[in-house]
Amino acid sequence: MVDRVRTSRRGLLGLGTAAVAGTAAATLSACDSKGSPRSAPAATVAFHGSRQAGIVTAQQDRLAFAAYDLTVSGSPAENRDALRELLKTWTAAARAMTEGKPVPGDNDIGAAPPADTGEAFGTPPANLTITIGFGPSLFDKRFGLADKRPAALADLPHFARDNLDATRSGGDIAIQACSDDPMVAFHAIRNLARLGRGTVVMRWSQLGFGRAASTSDKQETPRNLFGFKDGTRNIHGDPKQLDNWVWVGKETDQKWMRNGSYLVARRIQMRIEAWDRDFLTDQQNVFGRHKYTGAPLSGGNEFDAPNFHARAADGSAAIPPTSHMALAAHENNGGVRILRRAYNYTDGVIASSGELDAGLFFLCYQRDPRTQFVALQHKLSRSDALNEYIQHVGSGLYACPPGVTSDSGYWGEDLLA
Ligand code: HEM
């Protein structure tokens, strides 16, 4: 009898599905008799670690993001127990899925629905990472966790021009699933929702179809939907910068957040039709960079440092002071940086205007949102030349706990201890 929990997703296929016999034969040869991979396939990212994967991991091509609300109605102690059970179940499922295995449980009892929904069978994990974060609402009266709420998880303030849709904002728990395969990423958030049925409902979700940042210097800089290279001056894995700006350290008022990070998610609609009518020089002045090479308008190549004092031939600033780059650059913000991990999205057409509903699903990680995202966004929301073409329509803030280090560990263990 095959051990269902440890059966690899590809091994399971090899045992059961004739239609993919070719693939199965190829993949089965990489598995032992229990269907577990003999050695980790190249395209997997380790789930275990003192810090969660999916934050500094070289950014994958696809995103499936979901925010969930808990539906519990018991006493705080009962609700905490339900939350703990959920997090244990989700951790086990996430561990399995990132290893390319099906969701643990029975998958071949004819009289019962399979534990795993099945759409990713036969598909390698393609660098799947599943990252969890806890929203401010998790620390309300329901769970008796108010005294565990970190000061840095302060509700985001209202920013100038915000036009937020409550049905695309907030949530008790957020899951960011990133993979180079869209089916694998979607499979992860769908299966977590299914496993949590009775305890959680999905509040909102967002798919991202192409990365719009790079988190490693080994990656090409991708482009956003305005056609500009995005991620040029992101944090690209430098450990010192990550410690300074991304990972929570000893300074936190909540020990359970050490080695964690804070995620800010913003659904930012981009007025593509209006942008496409703007002339090239203006587009470049909006960002402060050349469209095709990505080089700063002060000269040089893509990765050369911008010179904010450089002058154009007519004596004006080569990089306009209201350009997105000038306003967001660490040189002009007391050194402050964030780790951007954004994705392009498109969701059909906006009914009221007939324009494309498309934009940037802006995700960024940091050590303290109050002094990082909030400080930057206050400035950008008031003065950024980009504001003519964008609108923030969704928002979320989540405390991402440290990673899970063993098979018996689970997400948020220290929070619920
Ligand atoms: C639709 C919205 C946005 C678009 C299209 C966009 C696009 C860009 C582009 C093209 C760059 C220059 C290349 C690079 O260094 O990556 C850039 C840089 C940057 N952006 Fe954005 N961005 C958006 C929103 C935001 C928001 C909301 C924030 C933070 C509050 C932000 C923070 C930054 C930072 C910190 C930089 C690096 C600046 C530097 O050091 O040179 N961006 N963005």
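Within each chain, residues carry numbers counting from 1 in the order of the written sequence. Note on the predicted model: pLDDT of at least 70 is required for a residue's local features to be given, and 80 or more for side-chain atom pairs to be given and counted; whole-chain, interface and lining totals, by contrast, use all residues. Water and hydrogen atoms were dropped before computing side-chain values, which therefore reflect all heavy atoms in the structure.

Undergrad: What am I meant to see in the overall build of the protein here?
TA: A count of helical and extended segments in the protein gives 10 helices and 10 strands. Throughout, exposure labels follow a simple rule: accessible area from a 1.4 Å probe, protein chains only, divided by the maximum for the residue type, with under 20% read as buried, over 50% as exposed, and the rest as partly exposed. In the protein, buried positions account for 53% of the 417 residues. In this analysis, two residues are considered to be in contact whenever any of their non-hydrogen atoms come within 4.5 Å of each other. A separation of at least 24 residues holds for 77% of the contacts in the protein among residues at least 6 apart in sequence. The Shrake-Rupley method, run with a 1.4 Å probe, gives the accessible areas here. Residue values count only the displayed protein chains as cover. About 17600 Å² of surface is accessible on the protein, with carbon and sulfur atoms providing 53% of the total. To qualify as a helix, a DSSP run of H or I must reach at least 4 residues; to qualify as a strand, a run of E must reach at least 2; elements of each kind are numbered from the N terminus.

Undergrad: Would you mind showing me how to read the site of the ligand here?
TA: In the region of the ligand, 27 residues are neighbours, and Gly231, Thr232, Arg233, His324 and Arg340 sit closest. Whenever two N or O atoms come within 3.5 Å, that pair is a polar contact, provided that in protein one can donate a hydrogen and the other can accept it, and provided that, for residues adjacent in sequence, both atoms are side-chain atoms. Within the contact set of the ligand, a nitrogen atom lies 2.9 Å away from a side-chain nitrogen or oxygen of His324. When atoms are counted within 2 Å of each cavity's grid points, the one that captures over half of the ligand is the largest cavity. Counting residues per element, the shell around the ligand draws most heavily on helix α9 (residues 373-383), which supplies four residues. By convention in these notes, a residue is near a molecule or strand provided one of its non-hydrogen atoms lies within 4 Å of it. Detection works on a 1 Å grid of protein atoms alone, calling trapped sets that fit a 1.4 Å probe cavities and calling open sets with protein on both sides within 12 Å along at least five of seven lines pockets, with lining residues defined by an atom within 4 Å of a point. The way we define it, a molecule is inside a pocket or cavity when more than half of its atoms are within 2 Å of that pocket's grid points.

Undergrad: For this particular structure, what's the right way to read the coordination of the iron atom of the ligand?
TA: Counted as donors are N, O and S atoms no farther than 2.8 Å from the metal, or 3.2 Å for Na, K and Ca; water is not among the atoms, and sites may therefore look incomplete. Among protein atoms, the single one acting as a donor to the iron atom of the ligand is His324 (NE2), 2.1 Å away. Along the chain, the position of His324 falls in helix α8 (residues 324-328).

Undergrad: Can you help me understand the packing of aromatic side chains in this one?
TA: The geometry of an aromatic ring pair is captured by the separation of the ring centres together with the interplanar angle, meaning the angle of the planes. Between the rings of Phe, Tyr and Trp (Trp by its six-membered ring), a pair exists once the centres lie within 6.5 Å; its type follows the angle of the planes, with under 30 degrees stacked, over 60 edge-to-face, and the other angles tilted. Inspection of the entire model under this criterion finds 16 aromatic pairs. Aromatic side chains Phe228 and Trp275 sit 6.1 Å apart centroid to centroid with 75° between the ring planes, which places their arrangement in the edge-to-face category. With Phe228 in the loop between β5 (210-211) and α5 (239-245) and Trp275 in helix α6 (residues 272-276), this residue pair connects regions lying 47 residues apart in the sequence. Across the pair, Trp275 and Phe228 agree in class, each one buried. Ring-pair connections join several aromatic residues into one group, and the members of that group are Phe226, Phe228, Trp275, Phe287 and Tyr389.

Undergrad: Explanation requested: empty space enclosed by the protein in the structure shown.
TA: It is a probe the size of a water molecule, rolled over the atoms, that shows where empty space is left. Grid points are joined across faces, edges and corners, and a volume is the space filled by probe spheres set on the points. Counted according to the given criterion, the structure contains three cavities of 30 Å³ or more. Elements that contribute at least two residues to the lining of the largest cavity include exactly β6 (261-270), α8, β9 (356-366), α9 and β10 (390-400). For the lining of the largest cavity, the element with the highest residue contribution is α9, accounting for four residues. Each residue is assigned to one of three groups, with Ala, Val, Leu, Ile, Met, Phe, Trp, Tyr, Cys and Pro labelled nonpolar, Asp, Glu, Lys and Arg labelled charged, and all others, Gly among them, labelled polar. Within the lining of the largest cavity, the residues separate by chemical class into 21 nonpolar, nine polar and seven charged. In this structure, the second largest cavity encloses a volume near 50 Å³. Around the second largest cavity sit Ala160, Arg161, Gln377, Ser381, Asn387, Ile390, Gln391 and His392, which together line it. Breaking the lining of the second largest cavity down by element, the ones donating at least two residues are α9 and β10. The element that contributes the greatest number of residues to the lining of the second largest cavity is β10, accounting for three residues.

Undergrad: How should the environment of Ala212 be read in this particular structure?
TA: Counting through the fold element by element, Ala212 comes out in the loop between β5 and α5. In this structure, the C-alpha to C-alpha distance between Ala212 and Ala342, residues 130 residues apart in sequence, is 5.2 Å.

Undergrad: What am I meant to see in the packing of helix α3 (residues 76-98) against helix α4 (residues 182-195) here?
TA: Helix packing for two helices is described by the angle between their axes and how far apart those axes are. Between the N-to-C directions of two axes lies an angle of 0 to 180 degrees, each axis being a line fitted to C-alpha atoms and, for a helix, fitted only over the stretch in contact. Relative orientation of the contacting elements α3 and α4 amounts to 155°, with a least axis distance of 10 Å. One finds that α3 runs roughly antiparallel with respect to α4. By crossing handedness, the relation of α3 to α4 is classed as right-handed. Seen from α3, the contacting residues are Thr89, Trp90, Ala93 and Met97; seen from α4, they are His187, Ala188, Asn191, Leu192 and Leu195. Here the residues of the contact of α3 with α4 sort into six nonpolar, three polar and no charged. Angular relationships are summarised with four words: roughly parallel below 35 degrees, roughly antiparallel beyond 145, roughly perpendicular across 65 to 115, and oblique for the angles in between. Crossing chirality is assigned from the near helix's rotation relative to the far helix, an anticlockwise turn below a right angle marking it left-handed and a clockwise turn marking it right-handed.

Undergrad: Which parts of the structure should I look at to understand the confidence of the model for the protein?
TA: Close inspection of predicted coordinates is inappropriate for parts of the model with low pLDDT. Across the chain, each position has a pLDDT score giving the predictor's confidence in that residue, from 0 to 100. A residue-level look at the protein finds 90% of positions with pLDDT of 70 or above and a mean pLDDT of 91. Contacts from residues 1-41, a stretch scored under 50 in pLDDT, to residues over four places away or in other chains number 60 contacts.

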